[in-house]
Amino acid sequence: MAEEAEMHRIGILFTEALKDKLTKEHGKDTGKLASSINYRLDGDDVVITMEDYAEYLEYGAPPHFPPPKELEGWVRRKWGKSGKEAESAAWVLARHIAKYGTRPFPFIRQTIKEDLPKILGK
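Residues numbered from 1 in each chain as written. Predicted model: local features only at pLDDT ≥ 70, side-chain atom pairs only at ≥ 80, totals over all residues. Heavy atoms only, no water.

Q: Honestly, the nonpolar core in this entry has me stumped. Any pointers?
A: Within soluble globular proteins, side chains that are nonpolar generally end up buried alongside one another. Leu 22, Leu 33, Leu 57 and Phe 107 are the most contacted members of the largest nonpolar core, which has 13 residues in total. Taken together, the elements giving at least two residues each to this core come down to α1 (2-26), α2 (32-36) and α3 (54-59). If you tally residues by element for this core, the top one is α1, at five residues. Apart from the residues lying within four places of it in its own chain, the contact partners of Leu 22 are Gly 27, Leu 33, Ala 34, Ile 37, Leu 57, Phe 105 and Phe 107. Membership of the second largest hydrophobic core comes to eight residues, among which are Leu 71, Ala 89, Leu 93 and Ile 97. (Core = buried A, V, L, I, M, F, W, Y, C linked by side-chain atoms within 4.5 Å. Buried < 20%, exposed > 50% of the residue type's maximum accessible area, 1.4 Å probe, protein only. Helix = DSSP H or I, 4+ residues; strand = E, 2+ residues; numbered from the N terminus. Contact = heavy atoms within 4.5 Å.)

Q: Looking at this structure, I do not really get the environment of Tyr 53. What am I missing?
A: Take Tyr 53: it is sitting in the loop between β2 (45-49) and α3. Residue classification places Tyr 53 among the partly exposed residues on the basis of a relative accessible area of 34%. Spatially, the C-alpha atom of Tyr 53 lies 11 Å from that of Ser 36, the residues being 17 residues apart in sequence.

Q: Please clarify how the packing of aromatic side chains should be interpreted in this entry.
A: One pair of aromatic rings is described through two measures. These are the centre distance and the angle between the planes. Counting across every chain of the model gives three aromatic pairs. Taking the centre distance of 5.7 Å and the plane angle of 45 degrees together, the rings of Phe 65 and Trp 91 count as tilted. On the criterion of sequence distance, the pair formed by Phe 65 in the loop between α3 and α4 (68-79) and Trp 91 in helix α5 (residues 83-100) is long-range, its members being 26 residues apart. What makes Phe 65 partly exposed here is its relative accessible area of 43%. (Phe/Tyr/Trp six-rings, centres within 6.5 Å; stacked < 30°, edge-to-face > 60°.)

Q: Sorry if this is basic, but what is going on with the packing of α4 against α5 here?
A: A pair of packed helices can be characterised by two numbers: the angle between their axes and the separation between those axes. At a minimum axis separation of 8 Å, α4 and α5 run at an interaxial angle of 110 degrees. Considering the angle they form, α4 stands roughly perpendicular to α5. Classified by chirality, the crossing of α5 by α4 is right-handed. Of the residues in α5, those touching α4 at Pro 68, Leu 71, Glu 72, Trp 74, Val 75, Arg 76 and Trp 79 are Ala 86, Glu 87, Ala 89, Ala 90, Trp 91, Leu 93, Ala 94 and Ile 97. (Axes fitted to C-alpha atoms, helices over the stretch in contact; angles between N-to-C directions. Parallel < 35°, antiparallel > 145°, perpendicular 65-115°, else oblique. Left-handed = near helix turned anticlockwise from the far one by under 90°.)

Spelled out as structure tokens, the structure:
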């Protein structure tokens, strides 16, 4: 029973560290990804779960043309654009992503490397 409690403690501390790394170093948009980060115990393993698109944040995405309409909300929230200006900026952003892809933000690997040893050491 004490071992299970310790596994829960590790799960809680690690998910908190992931959320902290994500929001402090990458910023926060809608909070959907951070709020999806959770854990469960599977036998002797602590399994971390989160939205599938975390992979594209972690590793970046190759060049592709995202629908500009899908980027408008992000452009409004992050760049403060509205109306036709938001539509235009979303098209510019979509063309940029089509040419260059998106940069990686390895918050999962950073948390494993920097925070997990401290968590396990406690």
